[in-house]
Amino acid sequence: IYNKKYIIYYTLILYIMSIVQEFTDIFAPMDKKYCDLFLAISVFWFIILVITVFQCLFLFRDLKKNKFLIIQSVILMATLFVNYIYNRLLFNMCK
């Protein structure tokens, strides 16, 4: 006869193993039907990038007053460009 403590440990181990399996299912490869999602995300990042570029151009009108905002906008544009390229690369790899 097994002790109750061992049954609890066994049940806990099985529960942890099921959580690990669900965790690996979350990061499993996706179907081809999700490829268009990468295209939509890259279009979204590109639109936001274009808006940020125009915003930065308007900030250049008063360079002394907007110096800090221009620096922030340039950093934001670099980040948006990396996101755009990253999602475009994922879309091309998916096809």
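Please refer to the structure higher up on the page.
The notes below deal with the structure included here. Residue positions are counted from 1 within each chain, in the order its sequence is given. Restriction of local features to residues with pLDDT of at least 70 applies here, the model being predicted, together with a cutoff of 80 or more for giving and counting side-chain atom pairs; totals for whole chains, interfaces and linings are based on all residues. Based on all heavy atoms of the structure, the side-chain values leave hydrogens and waters out of the count.

**As for the overall build of the chain**
- Counting its regular elements, the chain contains three helices and zero strands.
- Secondary structure counts use DSSP, requiring at least four H or I residues in a row for a helix and at least two E residues in a row for a strand, with both numbered from the N terminus. Tracing the chain from N to C terminus, the helices and strands come up as α-α-α.
- Radius of gyration: C-alpha atoms only; globule rule: 2.2 Å multiplied by the number of residues to the exponent 0.38. The C-alpha atoms of the chain give 24 Å as radius of gyration, which overshoots the globular expectation for 95 residues (12 Å, by more than 25%).
- Taking the principal axes of the C-alpha coordinates as reference, the chain spans close to 85 × 35 × 15 Å.
- Burial analysis of the chain (95 residues in total) assigns 17% to the buried set. Burial classes: relative accessible area under 20% of the type maximum marks a residue as buried, over 50% as exposed, and values in between as partly exposed (1.4 Å probe, protein chains only).

**A look at the nonpolar core**
- Of all hydrophobic cores here, the largest spans six residues; its members are Leu49, Cys56, Leu59, Ile70, Met77 and Leu80.
- Those elements giving two or more residues to this core turn out to be helix 2 (35–59) and helix 3 (67–94).
- Any two residues having at least one pair of non-hydrogen atoms within 4.5 Å are treated as being in contact. Not counting residues within four places of it along the chain, the set of residues in contact with Leu80 comprises Trp45, Ile48, Leu49 and Thr52. By nonpolar core is meant a set of buried Ala, Val, Leu, Ile, Met, Phe, Trp, Tyr and Cys residues that side-chain atoms within 4.5 Å join together.

**A closer look at the side chain of Asn87**
- Residue position: Asn87 is located in helix 3.
- Residue Asn87 is classed as buried on the basis of its relative accessible area, which comes to 8%.
- Polar contacts, as counted here, are pairs of nitrogen or oxygen atoms within 3.5 Å of one another; within protein the pair requires one atom able to donate a hydrogen and one able to accept it, and residues that are adjacent in sequence qualify only if both atoms are side-chain atoms. A polar side-chain atom of Asn87 sits 3.0 Å from the main-chain carbonyl oxygen of Asn83.
- Dropping the residues within four chain positions of it, Asn87 is found in contact with Phe38, Ile41, Ser42 and Trp45.

**Topic: a nonpolar patch on the surface**
- Patch membership is restricted to residues that have no salt bridge and whose relative accessible area is over 30%. Joining uses 9 Å for like charges and 5 Å for the nonpolar side chains Val, Leu, Ile, Met, Phe, Trp and Tyr. The Shrake-Rupley method, run with a 1.4 Å probe sphere, supplies the accessible areas, and residue values consider only the shown protein chains as cover. For this document, the term salt bridge refers to a Lys or Arg side-chain nitrogen within 4 Å of an Asp or Glu carboxyl oxygen. A contiguous nonpolar patch, built from Phe46, Val50, Val53, Phe54, Leu57, Phe58, Phe60 and Leu63 and spanning about 750 Å² of accessible area, is present on the exposed surface.
- On the basis of relative accessible area, Leu63 is assigned to the partly exposed category, the value being 47%.

**Topic: the environment of Val74**
- Along the chain, the position of Val74 falls in helix 3.
- As a C-alpha pair, Val74 and Thr52 span 22 residues in sequence and 8.7 Å in three-dimensional space.

**Re helix 2**
- An ideal rise of 1.5 Å per residue puts 36 Å on 25 residues; helix 2 measures up with 37 Å between its terminal C-alpha atoms.
- For helix 2, the complete set of buried residues consists of Cys35, Phe38, Ser42, Leu49, Thr52, Cys56 and Leu59.
- Where the residues of helix 2 are buried, they touch helix 3. Every helix has an expected span of 1.5 Å times one less than the residues it contains.

**Topic: the side chain of Thr52**
- Among the secondary structure elements, Thr52 is positioned in helix 2.
- There is a polar contact of 2.8 Å between the side chain of Thr52 and the backbone oxygen of Ile48.
- Among all residues touching Thr52, those that are not within four sequence positions of it are Ser73, Leu76, Met77 and Leu80.

**A closer look at the packing of helix 2 against helix 3**
- Axis definition: a line fit to C-alpha positions, over the contact stretch in the case of helices; interaxial angles, taken between N-to-C directions, run 0 to 180 degrees. For the pair helix 2 and helix 3, interaxial distance at closest approach is 8 Å and the crossing angle is 160°. One element, helix 2, and the other, helix 3, form an angle in the roughly antiparallel class. As for the relative orientation of helix 2 and helix 3, their crossing is left-handed in sense.
- For this classification, Asp, Glu, Lys and Arg are treated as charged, while Ala, Val, Leu, Ile, Met, Phe, Trp, Tyr, Cys and Pro are nonpolar and the rest, including Gly, are polar. Partitioning the contact of helix 2 with helix 3 into residue classes produces 22 nonpolar, five polar and two charged. Angle categories: roughly parallel below 35 degrees, roughly antiparallel above 145, roughly perpendicular from 65 to 115, and oblique for all the rest. Each crossing gets its hand from how the near helix is turned against the far one by less than a right angle, where anticlockwise is left-handed and clockwise is right-handed.

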